[in-house]
Amino acid sequence: MNEYKIKIKEFSLKNKIYNLKLEKIIIHTGIAKNNKDKIFIKNVFESIEYISGQKPIFSKIKKSISNFKSKIGEVAGIYTTLRKIKMWEFYHKLICVVIPRIKEFKGIKEKSIDRFGNLHFGITDISVFPDFYKEINIGLNISIIIKNLKNNFKNFYKIINFPIK
């Protein structure tokens with residue numbers, strides 16, 4: 001955790017215009033297809049809670065769409081926002097343990113970075129997490145949000161050891 005903060009401070013000292021900060025990590029999964037199955041929702045909720053280390057939140061449908069058979073108030077997904085110590089612990093686990101366990105991983109594409117420097121990517125199978133124990137197949141969307149970064153996105157992610165090709 002501290003090694004990443006030290007690297008960010010060194011990068012900020014070289015570029016004095018920017019006061020760089022890794023603000024938050026958002027972990028999200030969509031369960032709209034199986035939102036009637038209470039056992040599945042409970043398993044997904046417990047899985048995200050176990051992986052992230054904090055209690056997730058249900059995201060609900062705000063507008064009903066008949067083509068998707070969705071109604072207002074139904075559960076659409078489950079997400080959690082990690083900040084401070086838990087964010088750094090999850091980031092370290094993601095870099096050192098989870099990403100090396102992904103089969104045929106060649107790096108995350110540079111197109112995954114948006115114009116603000118935020119990185120968004122998905123993990124299709126949750127079983128790559130070493131502390132995962134259930135037999136459900138879900139995917140995760142992970143967003144890494146950065147504050148006060150105008151450019152040099154790729155350099156910043158290289159400094160904090162994120163595998164971008």
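Residues numbered from 1 in each chain as written. Predicted model: local features only at pLDDT ≥ 70, side-chain atom pairs only at ≥ 80, totals over all residues. Heavy atoms only, no water.

Novice: What am I meant to see in the overall build of the protein chain here?
Specialist: Helix and strand content of the protein chain: four helices and five strands. Ordered by position in the sequence, the α and β elements of the protein chain form the string α-β-α-β-β-α-β-β-α. When each of the 165 residues of the protein chain is scored for burial, the buried share is 42%. Long-range pairs, those at least 24 residues apart, make up 67% of the contacts in the protein chain between residues at least 6 apart in sequence. Of the roughly 10400 Å² of accessible surface on the protein chain, 53% is carried by carbon and sulfur atoms. (Helix = DSSP H or I, 4+ residues; strand = E, 2+ residues; numbered from the N terminus. Buried < 20%, exposed > 50% of the residue type's maximum accessible area, 1.4 Å probe, protein only. Contact = heavy atoms within 4.5 Å. Areas by Shrake-Rupley, 256 points an atom, 1.4 Å probe, with all protein chains shown as cover.)

Novice: I tried to follow the pattern of salt bridges on my own but got confused; where do I start?
Specialist: Charged atoms that come close allow side chains of opposite charge to pair. In the structure shown here, the tally under the stated rule is one salt bridge. Note that Glu46 is salt-bridged to Lys42, the shortest N-O span being 3.9 Å. Of this pair, Glu46 and Lys42 both sit in helix H2 (residues 38–52), four residues apart, roughly one helical turn. (Salt bridge = Lys/Arg side-chain N within 4 Å of Asp/Glu carboxyl O.)

Novice: Explain the nonpolar core here, please?
Specialist: Across soluble globular proteins, nonpolar side chains show a tendency to be buried alongside one another. In terms of nonpolar packing, the biggest core is built from 42 residues, with Ile144, Tyr157 and Phe162 touching the most fellow members. Those elements that place two or more of their residues in this core are strand S1 (21–30), H2, strand S3 (75–82), helix H3 (84–101), strand S4 (119–123), strand S5 (140–147) and helix H4 (153–159). The greatest single-element share of this core, amounting to eight residues, is contributed by H3. (Core = buried A, V, L, I, M, F, W, Y, C linked by side-chain atoms within 4.5 Å.)

Novice: Looking at this structure, I do not really get H2. What am I missing?
Specialist: Think of an α-helix as turning once every 3.6 residues; residues three or four places apart then point the same way. For H2, built from 15 residues, the straight-helix expectation of 21 Å at 1.5 Å per residue is met to within 8% by its first-to-last C-alpha distance of 21 Å. Looking only at H2, the buried set comprises Phe40, Ile41, Asn43, Val44, Phe45, Ser47, Ile48, Ile51 and Ser52. Considering only its buried residues, H2 is in contact with S1, strand S2 (57–60), S3, H3 and S5. Of the residues one or two after H2, Gly53 is the one with positive phi, at around 90°. (Expected span 1.5 Å × (residues − 1).)

Novice: Would you mind going over the environment of Ser47 with me for this structure?
Specialist: Secondary-structure assignment places Ser47 in helix H2. Along the sequence, Ser47 and Ile136 sit 89 residues apart, while their C-alpha atoms lie 9.2 Å from each other. At 2.7 Å, the side chain of Ser47 and the backbone oxygen of Asn43 are in polar contact. (Polar contact = N/O pair within 3.5 Å; in protein donor to acceptor, adjacent residues only side chain to side chain.)

Novice: Where do I start with a positive patch on the surface in this structure?
Specialist: Together, Lys21, Arg83, Lys84 and Lys147 make up a positively charged patch on the protein surface. By secondary structure assignment, the location of Arg83 is in the loop between S3 and H3. We classify Arg83 as partly exposed; its relative accessible area is 43%. (Patch = residues over 30% accessible without salt bridge, like charges linked within 9 Å, V, L, I, M, F, W, Y side chains within 5 Å. Lys, Arg positive; Asp, Glu negative; His and termini not counted. Charge placed at Lys NZ, Arg CZ, Asp CG, Glu CD.)

Novice: Could you clarify how one ought to interpret the sheet that holds S1 in this entry?
Specialist: Whenever strands of a sheet pair, they do so through backbone hydrogen bonds, lying parallel or antiparallel. As summarised here, the arrangement of the five strands in space is S2-S3-S1-S5-S4, forming an open sheet in which the pairing is antiparallel. Whereas interior strands pair on both sides, the edge strands pair on one side only; in this sheet they are S2 and S4. Going from strand to strand, the sheet's axes swing by 25° on average, the running direction of each strand aside. Judged from the seven bridges that link them, S1 and S5 form a sheet pairing that is antiparallel. Each residue of the ladder has a partner; that of Ile26, found in S5, is Ser143. Where H2 meets the sheet, it contacts S1, S2, S3 and S5, and its direction lies at approximately 10° from that of S3. Of the strands in this sheet, S1, S3, S4 and S5 are in contact with H3, which crosses S1 at around 70°. (Pairing = 2+ DSSP bridges. Axes fitted to C-alpha atoms, helices over the stretch in contact; angles between N-to-C directions.)

Novice: Where do I start with the environment of Lys111 in this structure?
Specialist: Assignment of secondary structure puts Lys111 in the loop between H3 and S4. Between the C-alpha atoms of Lys111 and Phe121, which are 10 residues apart in sequence, the distance is 9.9 Å.

Novice: Which parts of the structure should I look at to understand the packing of aromatic side chains?
Specialist: Aromatic ring pairs are described here by two measures, namely the spacing of the ring centres and the angle between the planes. Under the defined criterion, the tally for this structure stands at six aromatic pairs. A centroid spacing of 6.1 Å and a plane angle of 80° characterise the contact between Trp88 and Tyr91, whose relative ring orientation is edge-to-face. One end of the pair is Trp88 and the other is Tyr91, both in helix H3 and three residues apart, which spans about a single turn. When sorted by exposure, Trp88 lands in the same class as Tyr91, which is buried. One aromatic cluster in this structure is built from Trp88, Tyr91, Phe121, Tyr157 and Phe162. (Phe/Tyr/Trp six-rings, centres within 6.5 Å; stacked < 30°, edge-to-face > 60°.)

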